[in-house]
Amino acid sequence: MKKYRLFGIVTIIFLCVGLTYKYFQTDTFYMIKLGDFIYHHGIDFLDHYCWITRLPYTYPHWLYDLFLYLIYSRFSYYGIYVSTIITYIVLCLTIYYVSLRLIRNEFFSIILSILCVFRLSMFAVARAQLISLICFVLEFYFIDRMINTGKKRYSVYLFLLCILIANVHATVWPFFFIIFLPFFGEHIIYKISKKYFKIKKDFKLKLEMVPHIKLLLVTFEISLFLGFFSPSKICYTYIFRIMAGDSQKYLLEHLPLVAIEHPFFLVSILIFIIVLIFTNTKIYLRELFMIGGLSFMSLVSIRHLSFFYTIGVIEIGIICIRSLNELHDSTFDILGKMILENKILYCILFLGIAIFSYSQFLNHSKEDFVMKKDYPVDAVHYIKNNLDYQNIKLYNGYDYGSYLLFNDIPVFIDARCDLYLKEFNGMGYSIFDKMENISRNYEKDFKKYSVTHVLVSKKETIFLVLSKDSHYKVLYNDKYFTLFEKIV
């Protein structure tokens, strides 16, 4: 057993180190800058980086912003890279630990956790999501322990997780309560079925009175008020306001999931359906609710896919191993013993994983922290060395605005999507709407905002338009970006 777990832990650590990307996403830059402001000035619920007007800002992940700035101020880019690797390792080891405790099969837990490592690598970036995912996996485990043991200490753990999420990643705080719902749903339907109709013994779905449901309900009710233990106090409305707005039109992570592009998601659902329909394994109604709910959330918005790849995959794993046990199938146990108790196979497998992880690490180590094809690195140097950049009115695109902000250049827009949606900014319209039609209406909009300079990627349509406009001259040009100045 120790050999199994040592292999699982070391494998997960190696893979996490190898699969973590070195380059930064656009959100990382504005988070560092906001953490800088919070550290020196506190939270004032105002934006200080968009030059259009003074906009209200909610600071939805202020604690993570502060954490990121403290890492950056002491260890620069490398510190953020290493901290991301460590957080990713903690997440995947948490999944492994919870799988071990709930699935109760050593080798199957290793396989499941390794699959999660690969699928979650797309989320292994310096964003608050990594922290919140750790919290949600632990929440799922603590709820399971609570209903099985009735120990009140799990309520305390859940309260602490609730407060942590409210401060680290307020945008996903409502999901904390969604994880409770399958348990309440099963209990309510059990009560109804017991009163009004009798369930046959061979019924596929298993209904039971959820143990210690009162303790679970009290924990849920108290947690509803813990969102106030956050200086921003936006937990109760944020997700509904942003989902009600136009963010789905503009942001990739808010778009519906194209399932065919995510085969692991489809295979997981298919395995669950096969077990549900073609085996005699009974499935708890709460499990059906949990997997169905997470699948639906993922289909509605791709950003929720990470929840499915953590809690949903663990839940499917529990069902699969229950099905194998009922079939008296010890395939995984035999395979595990054959590999991990055979010294030659064990060494070959371990060496293969080490080589793969090291090769991936070497590939990523060649990457720049800031990719010049994505961010105007050289253009920023030009602006700061040749222009009165604090006083110009610079139009820029959404994807690289955070890098400008990070370099103290006031922006037209950046990756803080909530700041520019009409549901948050109090302007009555979304800045995104202006950007969508900017190539057709740029003369009108630039005049409205008194734009003096324009920094655009050569992939943007507005670049081609301005290149043909004699009222704009090129101040700086490189392979990826061009800076225009409006001729008065």
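Look a little higher up for the structure.
Residues numbered from 1 in each chain as written. Predicted model: local features only at pLDDT ≥ 70, side-chain atom pairs only at ≥ 80, totals over all residues. Heavy atoms only, no water.

### Observations concerning the overall build of the protein chain
Of regular secondary structure, the protein chain possesses 23 helices and six strands. Computed over the C-alpha atoms, the radius of gyration of the protein chain is 25 Å, within 12% of the 23 Å expected from 2.2 N^0.38 for a compact globule of 488 residues. Based on the C-alpha atoms only, the size of the protein chain along its principal axes is roughly 80 × 60 × 40 Å. Taken across its 488 residues, the protein chain has 55% of its residues classed as buried. A sequence separation of at least 24 residues applies to 72% of the contacts in the protein chain between residues at least 6 apart. In the structure as shown, the protein chain presents an accessible area of about 22700 Å², 64% of it carried by carbon and sulfur atoms. Across the protein chain, 51 positive and 39 negative side-chain charges occur, with their mean positions spaced 7 Å apart. (Helix = DSSP H or I, 4+ residues; strand = E, 2+ residues; numbered from the N terminus. Rg over C-alpha atoms; globule rule 2.2 N^0.38 Å. Buried < 20%, exposed > 50% of the residue type's maximum accessible area, 1.4 Å probe, protein only. Contact = heavy atoms within 4.5 Å. Areas by Shrake-Rupley, 256 points an atom, 1.4 Å probe, with all protein chains shown as cover. Lys, Arg positive; Asp, Glu negative; His and termini not counted. Charge placed at Lys NZ, Arg CZ, Asp CG, Glu CD.)

### As for the packing of aromatic side chains
Counted by the stated rule, this structure contains 48 aromatic pairs. On the numbers, 5.7 Å between centres and 85 degrees between planes, the contact of Y154 with Y157 is edge-to-face. With a gap of three residues between them, Y154 and Y157 both fall in helix 6 (residues 153–168), about one helical turn apart. On the basis of relative accessible area, Y157 is assigned to the partly exposed category, the value being 33%. Residues F176 and F180 carry aromatic rings whose centres are separated by 5.6 Å and whose planes lie at 55 degrees to one another, so their mutual orientation is tilted. Like F180, F176 is buried. Taken together through their ring pairs, the aromatic side chains of F24, F29, Y72, Y77, Y78, Y81, F369, Y375, Y403 and F406 make up a single cluster. In this structure, R286 is placed above the aromatic ring of Y284, and the distance from its NZ or CZ to the ring centre is 4.5 Å. (Phe/Tyr/Trp six-rings, centres within 6.5 Å; stacked < 30°, edge-to-face > 60°. Lys NZ or Arg CZ within 6 Å of the ring centre and 35° of its normal.)

### Considerations on the environment of T20
Here T20 lies in the loop between helix 1 (2–19) and helix 2 (26–41). Sequence separation of T20 and L68 is 48 residues, and the distance between their C-alpha atoms is 17 Å. Residue contacts for T20: discarding those within four places in its chain leaves Y81, T84, I85, Y88, A124 and H364. Within polar-contact distance, the side chain of T20 engages the backbone oxygen of C16 at 2.6 Å. (Polar contact = N/O pair within 3.5 Å; in protein donor to acceptor, adjacent residues only side chain to side chain.)

### Focus on the pairing of strand 4 (residues 453–457)
Counting buried residues along strand 4, five of its five residues qualify, which places the element largely inside the surrounding structure. Residue alternation in strand 4 divides its side chains into two sets, H453, L455 and S457 and V454 and V456, and both sets are buried. Sheet topology note: the strand 3 (residues 394–396)/strand 4 ladder contains three bridges and is parallel. Residue pairing in the sheet places Y395 in a bridge with V454 of strand 4. (Pairing = 2+ DSSP bridges.)

### Concerning the environment of I163
In this fold, I163 is placed in helix 6. Judged by relative accessible area, which is 25%, I163 ranks as partly exposed. The residues contacting I163, other than those within four sequence positions of it, are L226 and F229.

### Section: the sheet that holds strand 3
With mixed pairing, the four strands of this open sheet are ordered in space as 3-4-6-5. Edge positions in the sheet fall to strand 3 and strand 5 (472–477), since each of these pairs with one other strand and no more. The sheet shows a mean angle of 25 degrees between the axes of neighbouring strands, direction not considered. Pairing between strand 4 and strand 6 (residues 481–486): five bridges, direction antiparallel. Considered in strand 6, the bridge of V454 is made with F484. (Axes fitted to C-alpha atoms, helices over the stretch in contact; angles between N-to-C directions.)

### Quick notes on a nonpolar patch on the surface
A grouping of L270, I273, I274, I277 and F278 is seen on the molecular surface, where their side chains present a nonpolar patch of about 500 Å² in accessible area. Here I277 shows up in helix 12 (residues 263–278). (Patch = residues over 30% accessible without salt bridge, like charges linked within 9 Å, V, L, I, M, F, W, Y side chains within 5 Å. Salt bridge = Lys/Arg side-chain N within 4 Å of Asp/Glu carboxyl O.)

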